[in-house]
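Remarks on the overall topology
Residue strings, one per chain:
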Amino acid sequence: MRAQLMRRTLPSLVLGLLFLSTPAMGSCLDKYQELLAQLQKQADIMQRTSLLLDPYIQSQGLDKDGLKEHCRERPGAFPSRDALQGLGRWEFLRTLDTTLGRVLHRLTALQRDIPKAQDLETLNRAKQNIRGFKNNIHCMAQLLPGSSETTEPTPTDPGTSPSPTPTSDTFQRRLEGCRFLHGYHRFMHSVGQVFREWGESPSRSRRHSPHQGLWKGTRRMQLSRKNKRLLPRGQLPR
Amino acid sequence: MRSAVDDAKTPEQSFWSNWSSWEEVHVQNSLGHDPFFVFPKDKLVEEGSNVTICYVSRSQPNNISCYLEGVRMQGEQLEPNVSVFNLNHVAFIRETGTNIYCKGDQGDSIKGIVLFVSKVLEEPKDFSCETQDLTTLNCTWDPRSDTGLLKQLSQSYTLFESFSGKKTLCKHKSWCSWEVAPESQEMYNFTLTAENYLRKRSVHLLFNLTHRVHPMAPFSVLFTDVSATNATMTWKVHTTGNYYTLLCQVELYGEGEVIQRNVSVEVDGKQLFGGLKPDTEYRAQVRCANANHFWKWSEWTRQNFTTAEAAPSEAPDVWRNVKSVQGHSVVTLFWKPLSKLQANGKILFYNIVIENLDRSSISKLLSIPAPANGTELNLDQCLYQIHVTANNSVGTSPASVIIVSGDPGNKEVEEERVKGMEDGFSLSWKPQPGNVTGYIVEWCDHPRGPLCDLQWKSVGPTTTSTVVSSDAFRPGVQYNFRIYGISTERVPYLLEKKTGYSQELAPSDNPQVVMSNLTSRSFTLSWKDYSIESQPSFIQGYHVYLKSKAGQCHSGSEKAVLSDDAVCCKYRIDNPKQKTFVVENLQPESFYEFLVTPYTSVGEGPHGAFTKVTTPDEYSPILIRIILPMVFCILLIMIICYLKSQWMKEKCYPDIPDPYKSSVLSLIKSKENPRLTIMSIKDCVPDSIEVLNKQEGTRKSLTETESSKATYLYLLPTEKSYSGPGPCICFENFTYNQAASDSASCGHVPVAPVAPLSQLGLLTSPENLLKALEKNYMNSLGEIPAGETNLNYVSQLASAMSGDKFILPTNPPEPALCSEYKMQMAIPLGLASPPSSGSSSLSSVTLLDEGEHYH
């Protein structure tokens, strides 16, 4: 039990340390590479199912054969990796921010199905991590070229909404919550990959003017919606 | 459907309304698009209830499987598309409910319900109310198990007082506060009700408020007037009304003792404690209760204090060890530290007063700082009285007095053995007829260590036995005890000696055995270095084990079977001081193995490695005794012969027999032939010279000297004709041989060719000489008839047939041959020089003068 608690709390502590230099404390890192590395680490930690999904499955009694198979992300609940890779950097950040905002709402709704204080604490720590991550996203958006032209992120919908209609059926709600958390971790995994691709091609981002980068990304996103398969995986759209 | 009023004020027997009329609904119409449904949704039941689960499917036939927490359920099909599952005595699994779900045969669709199983609500236990200040009642209870679920909150508790009609909803699960009415209501009748979604439970409590007073803990506990033996304790109590008296209980803990007092207190408490121990820390505590109606003691309030020091109450226990060193007494004084009860404070130093009883005016004072427990004194042979006192910050202890004299008092007494027990050694001694003031038993805690760690035990004059115990006693260690009597003059004298083991152990080592005197029939074993005093038990004797192939045991031994099933003979030596043993009755040329091990009352030594030995041959010693002297004698004779060989040769068989000593001469003389006489050499003229060719490096002529070379040079000028190594020429004179002349037969001897006398003069010239030599020598190789000689001289030329080593080489073409003149004459031993390997290429030539004769 203690080991399990350690598994859950340790990543959260690491995340907390990562957030110490984030805008949550009032200022942003002005070094692109450092902020990008921080986002990558945060995404890597937040993708771990031991933070949310595993405790949820255990507390709801879903760790049984025949049930675990149905605890899979619903297609379209979160933007796919291809969709994220197809976004320009600015749009990617905006999508990420919006999606995580919805995740926060959904996690708050999940709290009523979690009676144990210990599990509630785990959930609250995850919510704090997401808030910190969102702050870093805003900092990254400021570092991206053309940040002066940015406005407050508006909801965009590259996929479908991660918040399906709540149901009064406890069992169905339980399954949906499980699927949602599964999708959340998968989504953070994809986010981490995209950030890693950012790190692999820093020169490319410097070659393009801020304006170019922002809007080319947007156009490529529109293009990618039409023909996603034409885009090679692992490359940022130009 | 029917309904009823649900209110706490309403009695249990509430009235229900009438049932509504039945409504029929077709289930298929309510399914919507889903393939099947599971009912009932989110039902809440108590643990142990019976629950029926059903599903309704749209299609027929259906292949739907239903599971309870992953375990498939067996149901009953009511209709083609309706099945039910009866669950009996459902159990609580988790607070989030029990998952029951059904899946179609494709496995892609899943429907389920959560059955919330609540624990059964139990009655609160140990419901009780009390007050500390008569203004607030604190009611507590044991809530038992929590029935909270995801769908149901934990049970709630309400407190209802029937006299006042007041009711309060408790905020906590296990306790609740109730404000006491200002009108001083004394009686209270409480009803505590626990309630959840499914059930209610109530308990009641009726009491008088003044009987439920639980005072608060006293405070301001202080100690005043603290001396070495007395202290005063004061404390205060919280007021619970003007007319209440409290009973306070005071406890004092110190040095394992408890002092308990009960004190009646209204406002302040006070208690005097006497008979305390000096320099002792005490722990005091006090608690109070209602003196009129006891309900509960308050919590303890604790405080510590320490009494003041006092002078040490006892004299230190002193003992001594006396050694005489070069006419002086080295006295080591030991004393035991005073116990805490005796010291009455921290001992700072020990005072030692040494008083010379022989010269009473002389005394000496030593101050030894604590925590020393001994000191060494160098005294003369006088009688001394030593006073030892312990001192702390307050005063001095009584003195311990001991008399020390130059005589250690260690008279020779016989040592007795004692048997140790688990708790030590039980020692007893004979009572002394004279007056003794006490006895002292002395021993060393570590007798094997460099520091003996002297210990002693003092007993009274009427005691003649004691048990000596020590944590230092170890099994297998021999401890020696000395029992002293203390005379009325306080002079100790040795009474008895005891020795023993707290626990005897079997010997762990065997002696190092040396074998000697090995014969064909016996050998001797000895283990002189084996110390019986340093063994882990008293050695009672030794066992000598002897293994042999024959396996027969002679008298004095018995057969024994070892742990490895080997059979051997065992000899027993009952005297531990006997450290030699002769093993007898052995067979010659036989292999034996032996082992010597000590035995004690607790067993014998280890049966380790046996020593191997093989007895020698029986006749070898005899043969050696005979042959060795014989060989010695022979060698002696040979040495003598060798040393005296020349003398013997000369005496017994000289090379040239002395004709004067010849028996033939006597025969001739006896035949009266005066003409016959011995020829003198000076009368002879040499007729020939034989040249012998001898290989270089062979033995030279006995007469070869440096001077011979000069002689040779005279005859043979080689300075010009000879250069470098090469064949040399030796000359040999021909001595008259009486035997040969007599026999007149030299046929078997190569006779040198006789040269004409005229040729002799030619020899003066070297060239002529060489020529003559060459010629005659070549002739000499042939057989010369004896009749061809003109003179009756017989050449003593050595021939190859005679076996002489100075032979002519039979292989003339070989180079590096040496010619030698062979002198046929006897030479005194003193003139003989050893043969030189490095002989010159030319041998010497010696020409004997006529008439010169050697005997």
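Residues numbered from 1 in each chain as written. Chains lettered and ligands numbered in written order. Predicted model: local features only at pLDDT ≥ 70, side-chain atom pairs only at ≥ 80, totals over all residues. Heavy atoms only, no water.

Some details on the overall build of chain B
Helices and strands together make up the secondary structure of chain B, namely 10 helices and 49 strands. Buried positions account for 41% of the 855 residues belonging to chain B. About 48,700 Å² of surface is accessible on chain B, with carbon and sulfur atoms providing 53% of the total. (Helix = DSSP H or I, 4+ residues; strand = E, 2+ residues; numbered from the N terminus. Buried < 20%, exposed > 50% of the residue type's maximum accessible area, 1.4 Å probe, protein only. Areas by Shrake-Rupley, 256 points an atom, 1.4 Å probe, with all protein chains shown as cover.)

Considering the overall build of chain A
Secondary structure assignment for chain A yields 9 helices and 0 strands. Ordered by position from N to C terminus, the α and β elements of chain A give α-α-α-α-α-α-α-α-α. Within the span of chain A, comprising 238 residues, buried residues form 51% of the whole. Counted over contacts in chain A with a minimum sequence separation of 6, partners at least 24 positions apart contribute 85%. Accessible surface, chain A: about 11,500 Å² in total, of which carbon and sulfur atoms supply 53%. (Contact = heavy atoms within 4.5 Å.)

Focus: the packing of aromatic side chains
Describing an aromatic ring pair means giving the distance of the ring centres and the angle of the ring planes. Residue and element names in this part refer to chain B. All told, the structure shown has 35 aromatic pairs over all chains when counted by the stated rule. An aromatic cluster of at least three residues, connected via ring pairs, comprises Phe-425, Trp-443, Phe-473, Tyr-479 and Phe-481. Stacked on the ring of Trp-295, the Lys or Arg Arg-212 has its end atom at 4.4 Å from the ring centre. When the ring centre of Trp-456 is taken as origin, the NZ or CZ atom of Lys-336, which lies over that ring, is 4.9 Å away. (Phe/Tyr/Trp six-rings, centres within 6.5 Å; stacked < 30°, edge-to-face > 60°. Lys NZ or Arg CZ within 6 Å of the ring centre and 35° of its normal.)

Let's talk about the pairing of strand β39 (residues 523-526) of chain B
By the alternation rule, side chains of β39(B) split into B:Phe523 and B:Leu525 and B:Thr524 and B:Ser526, which are all buried. In sequence, strand β38 (residues 514-516) of chain B turns back onto β39(B) through a hairpin of 6 residues, with B:Asn517 there showing a positive phi of about 50°. (Pairing = 2+ DSSP bridges.)

Notes on the sheet that holds strand β31 (residues 415-421) of chain B
Residue and element names in this part refer to chain B. The strand order β34-β33-β36-β37-β31-β32-β35 describes an open sheet built from 7 strands, whose pairing is mixed. The open sheet has two edge strands, β34 (454-459) and β35 (465-468), and neither has a second partner. Going from strand to strand, the sheet's axes swing by 30° on average, the running direction of each strand aside. In this sheet, β34 lies alongside strand β33 (residues 436-444) in antiparallel orientation, the contact comprising 6 bridges. Bridge assignment links Glu-442 to a residue of β34, and that residue is Trp-456. (Axes fitted to C-alpha atoms, helices over the stretch in contact; angles between N-to-C directions.)

Let's talk about the state of the cysteines
All names here are of chain B. Going through the model one piece at a time under the given rule, you end up with 8 disulfides over all chains. Shown here is the disulfide that connects Cys-170 with Cys-176, its sulfur atoms set 2.4 Å apart. Judged by the sign of its S-S torsion, about -105°, the cystine formed by Cys-170 and Cys-176 is left-handed. Considered together, Cys-170 and Cys-176 belong to a single accessibility category, that of buried residues. For chain A, the bonded cysteines pair up as 1-3, 2-4 when numbered in the order they occur along the sequence. (Disulfide = S-S within 2.5 Å.)

Some remarks on the side chain of B:Ser502
All names here are of chain B. Mapped onto the secondary structure, Ser-502 falls in the loop between β37 (492-501) and β38. With relative accessibility at 14%, the residue Ser-502 sits in the buried group. A distance of 3.2 Å separates the side chain of Ser-502 from the backbone oxygen of Arg-474, its partner in a polar contact. Look past the residues within four positions of Ser-502 in its chain and what remains in contact with it is Gly-420, Met-421, Phe-425, Phe-473, Arg-474, Pro-475 and Val-477. (Polar contact = N/O pair within 3.5 Å; in protein donor to acceptor, adjacent residues only side chain to side chain.)

Section: the pattern of salt bridges
Inspection of the entire model under this criterion finds 27 salt bridges over all chains. Between A:Asp63 and A:Lys64 there is a salt bridge, with the nearest N and O atoms lying 3.4 Å from each other. On the basis of relative accessible area, A:Lys64 is assigned to the partly exposed category, the value being 22%. By sharing partners, the salt bridges in this structure join A:Asp63, A:Lys64, B:Glu69 and B:Arg94 into a single network. (Salt bridge = Lys/Arg side-chain N within 4 Å of Asp/Glu carboxyl O.)

Looking at the interface of chain B and chain A
In this complex, chain B contributes 21 residues to the contact, which on the side of chain A involves 23 residues. Applying the counting rule to chain B against chain A returns 2 salt bridges. The closest approach of N and O atoms between A:Lys64 and B:Glu69, which form a salt bridge, is 3.6 Å. Run the count over chain B and chain A and you get 10 residue pairs in polar contact (both at pLDDT 80 or more). If you list the elements that add at least two residues to the side of chain B that touches chain A, you get β8 (98-103) and β9 (110-118) of chain B.

Digging into the packing of helix α6 (residues 117-143) of chain A against helix α7 (residues 170-200) of chain A
Residue and element names in this part refer to chain A. Direction vectors running N to C along α6 and α7 enclose 30°, while the axes themselves pass 15 Å from each other. Comparing the axis directions of α6 and α7 gives the class roughly parallel. Once α6 is placed against α7, the crossing between them reads as left-handed. Contact residues: α6 offers Ile-130, Phe-133 and Met-140, while α7 offers Tyr-184, Met-188, Val-191, Phe-195 and Trp-198. Counted by class, the contact of α6 with α7 contains 8 nonpolar, no polar and no charged residues. (Parallel < 35°, antiparallel > 145°, perpendicular 65-115°, else oblique. Left-handed = near helix turned anticlockwise from the far one by under 90°. Nonpolar A, V, L, I, M, F, W, Y, C, P; charged D, E, K, R; others polar.)

Re α7(A)
Helical geometry note: an α-helix holds 3.6 residues per turn, so side chains three or four residues apart project in the same direction. All names here are of chain A. Compared with the 45 Å implied by 1.5 Å per residue over 31 residues, the 45 Å span of α7 between its first and last C-alpha is a close match. α7 sits mainly inside the fold: 25 of its 31 residues count as buried. Sitting at the amino-terminal end of α7 is Asp-169, which places a side-chain oxygen 3.0 Å from the backbone nitrogen of Phe-171. (Expected span 1.5 Å × (residues − 1).)

A word on the UniProt feature "transmembrane region" (unreviewed entry) in chain B
UniProt records the feature "transmembrane region" (unreviewed entry) at residues 622-643 of chain B, using the numbering of this structure. Helix and strand shares over residues 622-643 of chain B are 100% and 0% respectively, and the end C-alpha atoms of the span are 32 Å apart. (UniProt positions renumbered as here; feature names shortened; annotations may be inferred.)

Description of unusual backbone geometry
All names here are of chain B. For the bond running from Phe-39 to Pro-40, omega is -10°, close enough to zero to count as cis. By the element assignment, Pro-40 lies in the loop between β1 (36-39) and β2 (44-46). The omega torsion of the bond from Ala-370 to Pro-371 falls at 10°, within 30 degrees of zero and hence cis. In this fold, Pro-371 is placed in the loop between β27 (363-369) and β28 (374-379). Residues other than glycine seldom take positive phi values, yet Asp-279 does so here, at roughly 50°. Within the secondary structure, Asp-279 is located in the loop between β21 (268-273) and β22 (281-290). Given a relative accessible area of 22%, Asp-279 falls into the partly exposed group. Positive phi, close to 55°, is recorded for Asn-344, a residue that is not glycine.

A short note on empty space enclosed by the protein
Residues and elements named next belong to chain A. Considering all chains together, one arrives at 8 cavities of 30 Å³ or more under this definition. Volume-wise, the second largest cavity comes out at about 70 Å³. Every residue along the wall of the second largest cavity is listed here: Leu-51, Leu-52, Pro-55, Tyr-56, Ser-59, Ile-114, Asp-119, Thr-122, Leu-123 and Leu-181. At the level of secondary structure, the elements contributing two or more residues to the lining of the second largest cavity comprise α3 (53-59) and α6. Class assignment of the residues belonging to the lining of the second largest cavity gives a composition of 7 nonpolar, 2 polar and 1 charged. (1 Å grid on protein atoms, 1.4 Å probe; cavity = no way out; pocket = protein on both sides within 12 Å on 5 of 7 lines; lining within 4 Å. Points joined across faces, edges and corners; volume = space filled by probe spheres on them.)

Details of the side chain of A:Thr99
Topologically, A:Thr99 is positioned in helix α5 (residues 89-110). Of the polar contacts made by the side chain of A:Thr99, one reaches the backbone oxygen of A:Thr95; its length is 2.7 Å.

Examining the environment of B:Thr375
All names here are of chain B. Among the structural elements, Thr-375 can be located in strand β28. A C-alpha to C-alpha distance of 9.0 Å links Thr-375 and Trp-335, two positions 40 residues apart in sequence. Not counting chain neighbours up to four residues away, the residues in contact with Thr-375 comprise Val-331, Thr-332, Leu-333, Trp-335, Ile-352 and Ile-368.

Considerations on the nonpolar core
Of all hydrophobic cores here, the largest spans 57 residues; its most connected members are A:Phe92, A:Phe133, A:Val191, A:Phe195 and A:Trp198. Those elements that provide at least two residues to this core are α2 (32-46), α3, α5, α6 and α7 of chain A together with β9 of chain B. Tallying contributions element by element places α7(A) first for this core, with 12 residues. Ranked by size, the runner-up nonpolar core spans 29 residues in total, among them B:Val318, B:Ile354, B:Trp456 and B:Leu494. (Core = buried A, V, L, I, M, F, W, Y, C linked by side-chain atoms within 4.5 Å.)

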